[in-house]
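# Coordinates in review
One letter stands for each residue in the lines below.
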Amino acid sequence: MTTFLVRARVLDTPDDPGAGGGLRSDDDCGLLVVDGVITARAAYAEVRAAHPDVHAVDLREGVLLPGLVDTHVHYPQVRAIGALGMPLLEWLERCALPEECRLADTAYATAVAEEFVFGLVSAGTTTALVFGSHFASAVDALFTEAERVGLRVTCGLVVSDRELPTDLLTTPERALAESLALASRWHGRGRLRYAVTPRFSLSAGDEVLAACATAHHEVTGSWFTSHVNENPAEVAYVAELFPARAHYVDTYDAHGLVGPRSVLAHNVHPTDDELRVLASRGASIANCPTSNAALGSGLFSQRRHDDFGVRVALGSDVGAGTGFSLFKEGLQAYFHQRLLGPDGVPLSPADLLHLATRAGALALGLADEVGDLSVGKQFDAVLVRPHADDPLDVCLRHAASPDDALAKIFALGGDSDVAGVWVGGTRVKG
Ligand SMILES: O=c1[nH]c(=O)c2nc[nH]c2[nH]1
Ligand SMILES: [Zn+2]
């Protein structure tokens, strides 16, 4: 049995700030961690008195947050980050898809998998719903690396049967067979799970979507992820390709793919009917603000999702998104709401932390395990400790309140401020 006691300044959001909760802040908190699980939480002196002999780790030089949860991030696109100036379909054709073709080479894919997992850990992301590769061997490489490092990863084979470079296409039969084979190797193994992943219905016709539905049904507890309503040209083309469907969401819903274990990325241009369907199915949306800005996709309406009761979490959407940091995504989510003027939702610092942690855990069905630092949860945590006299260090020392300190972390925090990362009680960075 491995037991240690953490002494830290802890910020987390166990209760949704948008639903009457707020920021939980404990200046001198004691967390007893036994075999990776938090078994006691109280004032440090109290936990210490009850456990006088346990080894203590003093993290008071920084701020301890729950591990960050990224609900939409593309593993094959690490090397494609930062291509600016194109809308979605042109960016896919000129930038993302040529790079994704290179993952047919397993040695290349293995190197990218290592870079990708390192990118997640460096940013303080401990749980991710990862958009995989079109090549099964590359998906194996990603799961292998995630397991080696110990991250919580849900991922799957990306499948498509049209509109993409030939090397990225498959058939419904092959899609199903390869998906089931991957799931049999990885789903439910340690912290890993399988996600059925048609790229988007623009590139996945009804036969492939039906194969995805079969895989989702056969792999108990699997997840479903894809893209939806990202860009007006994409939305118009999907409508042309699926004349019998009511709308973009219906291209998935008609196959029974939209439910509580679904995460759809973007949804920048939804109709009211689509929001109604998403809410009634209990599906989640990954809001990807830096990607939406970089590709000029538009401003995400948090208000309409809130009004219809659709769950929202955050995704970095690397490589259309401009990096792995969910602090940056949170800040951009905040900016976008500001730019919407009266139609925007004023996001507080606690809202941003909730979006980057517990909302993601809820979207991924992992809220009983991760997302905050309560008793019974896994010790998945991020220590934010900037270098002495960096602007963030200065601002944290002079913060007027815990909410103010958190705002400064989202405004100024980056990978170099992430001084420690733990997953299930094991330190994976720092
Ligand atoms: O932002 C995006 N990135 C992608 O790789 C992609 N594929 C389909 N639709 C997409 N959107
Ligand atoms: Zn994406």
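Residues numbered from 1 in each chain as written. Chains lettered and ligands numbered in written order. Predicted model: local features only at pLDDT ≥ 70, side-chain atom pairs only at ≥ 80, totals over all residues. Heavy atoms only, no water.

### A closer look at the domain arrangement of the protein chain
Splitting the protein chain by domain gives domain 1 (3-67 + 372-429) and domain 2 (68-339). A straight line from the C-alpha centre of domain 1 to that of domain 2 covers 30 Å. Listed by partner, the interface residues are 20 residues for domain 1 and 18 residues for domain 2. In total, domain 1 and domain 2 occlude about 1400 Å² of area from one another, counting both sides; carbon and sulfur atoms represent 63% of this. Here domain 1 and domain 2 share one salt bridge between them. Of the charged contacts in the structure, one is a salt bridge between arginine 152 and aspartate 380, with a shortest N-O distance of 2.6 Å. Run the count over domain 1 and domain 2 and you get four residue pairs in polar contact (both at pLDDT 80 or more). Here the side of domain 1 that touches domain 2 takes four residues from strand β15 (residues 418-423), the largest share from any one element. The residue makeup of the side of domain 1 that touches domain 2, split by class, is 12 nonpolar, five polar and three charged. (Domains from an automatic or database assignment. Contact = heavy atoms within 4.5 Å. Buried area = accessible area lost by both parts, 1.4 Å probe. Salt bridge = Lys/Arg side-chain N within 4 Å of Asp/Glu carboxyl O. Polar contact = N/O pair within 3.5 Å; in protein donor to acceptor, adjacent residues only side chain to side chain. Helix = DSSP H or I, 4+ residues; strand = E, 2+ residues; numbered from the N terminus. Nonpolar A, V, L, I, M, F, W, Y, C, P; charged D, E, K, R; others polar.)

### Considering the nonpolar core
One finds Leu65, Tyr75, Phe116, Val130, Leu142 and Tyr252 to be the most contacted residues of the largest nonpolar core, which totals 119 residues. Sorting elements by how many residues they give to this core places helix α3 (residues 106-123) first, with eight residues. Structurally, this core is a two-domain feature, drawing no fewer than three residues from each of domain 1 (3-67 + 372-429) and domain 2 (68-339). Those residues in contact with valine 130, other than ones at most four positions away along the chain, are Val73, Tyr75, Phe116, Leu142, Val153, Thr154, Cys155 and Gly156. (Core = buried A, V, L, I, M, F, W, Y, C linked by side-chain atoms within 4.5 Å. Buried < 20%, exposed > 50% of the residue type's maximum accessible area, 1.4 Å probe, protein only.)

### Examining the site of ligand 1
For ligand 1, the full set of nearby residues is His74, Gln77, Leu88, Trp91, Leu92, Arg199, Phe200, His227, Glu230, His266 and Asp317. For ligand 1, an oxygen atom lies 2.6 Å from a polar atom in the side chain of arginine 199. A distance of 2.6 Å separates a nitrogen atom of ligand 1 from a polar side-chain atom of glutamate 230. Considered on its own, ligand 1 offers 270 Å² of accessible surface; in the complex 100% of this is hidden by protein. Among the elements that make up the shell around ligand 1, the one with the highest residue count is helix α2 (residues 88-101) (three residues). In terms of residue class, the shell around ligand 1 is made up of four nonpolar, four polar and three charged. (Near = heavy atom within 4 Å. Areas by Shrake-Rupley, 256 points an atom, 1.4 Å probe, with all protein chains shown as cover.)

### A short note on the UniProt feature "domain: Amidohydrolase-related" (unreviewed entry) in the protein chain
In the numbering used here, UniProt assigns the "domain: Amidohydrolase-related" (unreviewed entry) feature to residues 63-428. The distance separating the terminal C-alpha atoms of residues 63-428 is 17 Å; by composition the span is 43% helix and 17% strand. (UniProt positions renumbered as here; feature names shortened; annotations may be inferred.)

### Digging into the pattern of salt bridges
In this structure the tally under the stated criterion is 25 salt bridges. Among the salt bridges present, the one from arginine 304 reaches aspartate 272, with a minimum N-O distance of 2.7 Å. Pair noted here: arginine 304 is in helix α11 (residues 302-308) and aspartate 272 is in helix α9 (residues 272-281), with a separation of 32 residues, a long-range link. Judged by relative accessible area, arginine 304 falls into the partly exposed class, the value being 26%. With a closest N to O distance of 2.7 Å, lysine 377 and aspartate 372 form a salt bridge. Judged by relative accessible area, aspartate 372 falls into the buried class, the value being 1%. In this structure, a network of salt bridges that share partners links the residues Asp12, Arg24, Asp26, Arg41, Arg358, Asp372 and Lys377.

### Considerations on the coordination of the zinc ion (ligand 2)
Taken together, His72 (NE2), His74 (NE2), His227 (NE2) and Asp317 (OD) make up the protein donors of the zinc ion (ligand 2), found 2.0 to 2.4 Å from the metal. Around the zinc ion (ligand 2), the four donor atoms sit at angles spanning 88 to 171 degrees, and that spread fits a shape best called irregular. Mapping the donors of the zinc ion (ligand 2) onto the primary sequence gives the spacing H-x1-H-x152-H-x89-D. Of this pair, histidine 227 sits in strand β10 (residues 223-228) while aspartate 317 sits in the loop between β13 (311-314) and α12 (326-339), and the two are 90 residues apart along the sequence. Across the pair, aspartate 317 and histidine 227 agree in class, each one buried. (Donors = N, O, S within 2.8 Å, 3.2 Å for Na, K, Ca; no water. Tetrahedral: all angles 85-135°; square planar, octahedral: opposite > 155°, others 65-115°.)

### Overview of the confidence of the model for the protein chain
A low pLDDT score tells you not to read the predicted coordinates there in detail. With 100% of its residues at a pLDDT of 70 or more, the protein chain shows a mean pLDDT of 98. The ipTM value of the predicted complex is 0.98, and its pTM value is 0.99. (pLDDT = per-residue confidence, 0-100.)

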